[in-house]
Amino acid sequence: MTYKIAIATSNGIDVDETFGAAQGFSVYEVTDGKPEFLEKRDVIIGDDIEKGANISNDCGSEYDCENGGGCGDGNGCGSGNGGGCGGPAGVSKKVELIGDCRAVVCKKIGFQVQKQLERKAISAFDVSCKVDEALCKITFYYKRIDNHESLRKQ
């Protein structure tokens, strides 16, 4: 069985980005339990998300969306809609970007994002570890699940 795993990493070594802050995802293809790097998918910021806004939930000093100090109407990032800079459209764009993946691995994934991923049948894992370690554990998990084997130690 072949499937893909998307990982939010800035350096290709550590799972070090949250879903909202990820500027892209490293996609690995797993065949017969062996992961192999496939491609890097960058998030494309378009006018359809929010003019002048970067997609990121950090909302740090780099954000001067339309000179409001935050995103949207200037009342902070996302104005409480849970979408951060880029709002729900930004999250949807990221979910679509990895729509062909079986799982996504990030440092942190918010509740609303998890719900969108569930609707697309994408498993969400939020961990802080090395990319190799995450791939090893997830491929072991799916190998056992796909072969209807117990996950308990024997």
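All of the points below concern the structure found in this document. Model, not experiment: these values are computed from the prediction.

### What to know about the overall build of the chain
- Of regular secondary structure, the chain possesses three helices and five strands.
- In the chain, the succession of α and β elements from N to C terminus is β-β-β-α-β-α-β-α.
- Counting over 154 residues, the chain shows a buried share of 37%.
- Across the chain, the fraction of contacts at a sequence separation of at least 24, relative to all contacts at a separation of at least 6, is 51%.
- When the accessible area of the chain is evaluated, it comes to approximately 8700 Å², of which 48% is carbon and sulfur surface.

### A look at the packing of aromatic side chains
- Considering all chains together, one arrives at six aromatic pairs under this definition.
- Each ring, one from Tyr28 and one from Phe37, has its centre 5.5 Å from the other, and the planes form 75°; the classification is edge-to-face.
- In this structure Tyr28 comes out as buried when scored by relative accessible area, which is 11%.
- When its relative accessible area of 45% is taken as the criterion, Phe37 is described as partly exposed.
- Every member of this aromatic cluster is reached through a ring pair, and the members are Tyr3, Phe125, Tyr141 and Tyr142.
- The ring of Tyr3 carries the charged tip of Arg102 above its face, separated from the ring centre by 4.9 Å.
- Stacked on the ring of Tyr142, the Lys or Arg Arg102 has its end atom at 3.8 Å from the ring centre.

### Some thoughts on the nonpolar core
- Judged by nonpolar contacts, the single largest core of 16 residues is most densely connected at Phe19, Phe25, Ile98, Val104 and Leu117.
- If you list the elements that add at least two residues to this core, you get strand E2 (24–31), helix H1 (87–97), strand E4 (103–106) and helix H2 (111–119).
- Filtering out sequence-adjacent residues up to four positions away, Phe19 remains in contact with Phe25, Val91, Lys94, Val95, Ile98, Val104, Cys106, Lys108, Ile109 and Val113.
- Judged by nonpolar contacts, the second largest core, of 14 residues, contains Tyr28, Cys129, Ala134 and Leu135.

### Details of the sheet that holds E4
- Reading across from one edge, E3-E2-E1-E4-E5 is the order of the five strands in this open sheet, with mixed pairing throughout. What marks the edges here is a single partner per strand, and that holds for strand E3 (34–42) and strand E5 (123–126). With direction set aside, neighbouring strand axes in the sheet form an average angle of 25°.
- Note that strand E1 (residues 2–7) and E4 share three bridges and pair parallel. The partner of Ile5 across the bridge, within E4, is Ala103.
- Together, E1, E2, E3, E4 and E5 form the strand contacts of helix H3 (residues 131–146), whose direction differs from that of E1 by roughly 145°.

About the thresholds
- Residues numbered from 1 in each chain as written.
- Predicted model: local features only at pLDDT ≥ 70, side-chain atom pairs only at ≥ 80, totals over all residues.
- Heavy atoms only, no water.
- Helix = DSSP H or I, 4+ residues; strand = E, 2+ residues; numbered from the N terminus.
- Buried < 20%, exposed > 50% of the residue type's maximum accessible area, 1.4 Å probe, protein only.
- Contact = heavy atoms within 4.5 Å.
- Areas by Shrake-Rupley, 256 points an atom, 1.4 Å probe, with all protein chains shown as cover.
- Phe/Tyr/Trp six-rings, centres within 6.5 Å; stacked < 30°, edge-to-face > 60°.
- Lys NZ or Arg CZ within 6 Å of the ring centre and 35° of its normal.
- Core = buried A, V, L, I, M, F, W, Y, C linked by side-chain atoms within 4.5 Å.
- Pairing = 2+ DSSP bridges.
- Axes fitted to C-alpha atoms, helices over the stretch in contact; angles between N-to-C directions.

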